[in-house]
Amino acid sequence: MSPRAPRLSPVEPRARRVLIVANPTSGGYDPRRLERIMTYLRNAECTVDLHLTSHAGEIESLAADPLLALDVLAIAGGDGSVNEALTGFQRNDAPPDLAVIPAGTANVLAHELGLPRRPLAIARSILAHRTRPLHFGLANGHPFVLMASAGFDAEVVHGVPLSLKRKLGKLAYVLTALRIGFTRRSSEMQVDVDGQTLSGKLVVATNGRFYGGPFVLCPDASVTTEGLHVLVLQKDDPVSALRFGLALMLGRVHKARGVTVMAFRKARVLAGFPVAVQIDGDPFGTTPLDLEPAATGYSVVVP
Ligand SMILES: Nc1ncnc2c1ncn2[C@@H]1O[C@H](COP(=O)(O)OP(=O)(O)OP(=O)(O)O)[C@@H](O)[C@H]1O
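Along each chain, residue indices are assigned from 1 in the same order as the chain's sequence is written. pLDDT decides what is reported in this predicted model: residues at 70 or higher carry local features, side-chain atom pairs at 80 or more are listed and counted, and totals for whole chains, interfaces and linings draw on all residues regardless. Derived side-chain values reflect all non-hydrogen atoms in the structure, with water molecules and hydrogen atoms excluded from consideration.

- An unreviewed UniProt entry lists the protein under the name Diacylglycerol/lipid kinase family protein, from Roseibium aestuarii.
- UniProt positions are given in the numbering used here, feature names are shortened, and annotations may be inferred rather than shown by experiment. Recorded in UniProt for the protein, the comment headed Cofactor (unreviewed entry) runs: "Mg(2+)".

What follows is the structure, encoded as structure tokens:
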């Protein structure tokens, strides 16, 4: 028996044409969950298609297609897959609204937007088609929806083997941090923030509140509000890293000793020799790093 169609009031706007693009390699990919979402949508007379990616970069190309003719492009994947969609939208003059079906390793954006995980609730929110602006930042001109950072955490993102990430999920990051944390060479970075110069060992430009899942990094930030914040951490030795890690788990890292937090419009991160950079949980080369908010946001479906 097919699942019951979600009920909507007649006045609510409806999504009628939906394309779900799923990354089958993402951490929590579940084809049965997608099937159920599609059944709910079809029962509510919505035209829905499913496209499974076969390689990285495919979501970006699809999202850039000006002939998509969709109400909603729903990305079933993690934060990296959503990042690809935003990158594609940058080249699309009339992008559809974005929806996110959370299925990644950390899914920070799902926490930011308070997205549901149950298929019926996801289908309901897509059908109801209530949207908010999704603001994002630019790192060397490339979109990031959650954060861009340089230093130890980016080295971990660069160093975590994909097979370990698939097998252990978030634990793979902890093990990689322990593996490299005691032997790495730390580097001092200079951060020029709106004309002010700071220095530190780890620099995180964040568009949202959360980091690494449900952990609050910057309570004043929100992906649905314009603007970015930067956190500069003065130390990254193993003891300090542990202290900051514990503060993060308690949602107090922004108040920790040795951490500077500020809202900014333009920032530039420089180092004596190249330091690893990550955006939205994926490797993104090395410093220098130019950071700024994007001029406009895209519409994203919210519950
Ligand atoms: N079919 C595919 N094969 C290989 N890589 C893909 C494919 N489709 C998308 N990708 C890439 O996989 C990267 C990671 O995927 P995604 O973010 O969806 O999952 P994740 O890594 O488990 O989650 P998270 O980013 O939350 O940690 C994306 O940046 C995307 O470019």
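Resuming the write-up.
1. Here we look at the sheet that holds strand β7 (residues 142-144)
Point 1. Ordered by their spatial adjacency, six strands build an open sheet running β7-β6-β19-β16-β9-β10, and the pairing between neighbours is antiparallel. Two strands lie at the open edges of the sheet, namely β7 and β10 (196-200), each paired on one side alone. For this sheet, the mean angle separating the axes of adjacent strands, direction not counted, is 25 degrees.
Point 2. Examined bridge by bridge, strand β9 (residues 189-193) and β10 share five bridges and lie antiparallel to one another. Bridge assignment links Gln190 to a residue of β10, and that residue is Ser199. DSSP-based pairing: two strands are paired if at least 2 bridges between them are found. Elements are defined by DSSP. Helices are runs of H or I of four residues or more, strands are runs of E of two residues or more, and each kind is numbered from the N terminus. Helix axes are fitted only over the stretch in contact, all axes being lines through C-alpha atoms; the angle between N-to-C directions runs from 0 to 180 degrees.

2. Overview of the environment of Leu138
Point 1. Relative to the elements of secondary structure, Leu138 occurs in strand β6 (residues 137-139).
Point 2. We call a residue buried when its accessible area falls under 20% of the maximum for its residue type, exposed when it is over 50%, and partly exposed in between, using a 1.4 Å probe and counting protein chains only. Its relative accessible area of 14% is what places Leu138 among the buried residues.
Point 3. Measuring from C-alpha to C-alpha, the distance between Leu138 and Glu292 comes to 5.4 Å, with 154 residues separating the pair along the chain.
Point 4. Leaving out residues up to four positions away in the same chain, Leu138 has contacts with Gln90, Pro143, Phe144, Asp290, Leu291, Glu292 and Ala294. By definition, residues are in contact when any of their heavy atoms lie within 4.5 Å.

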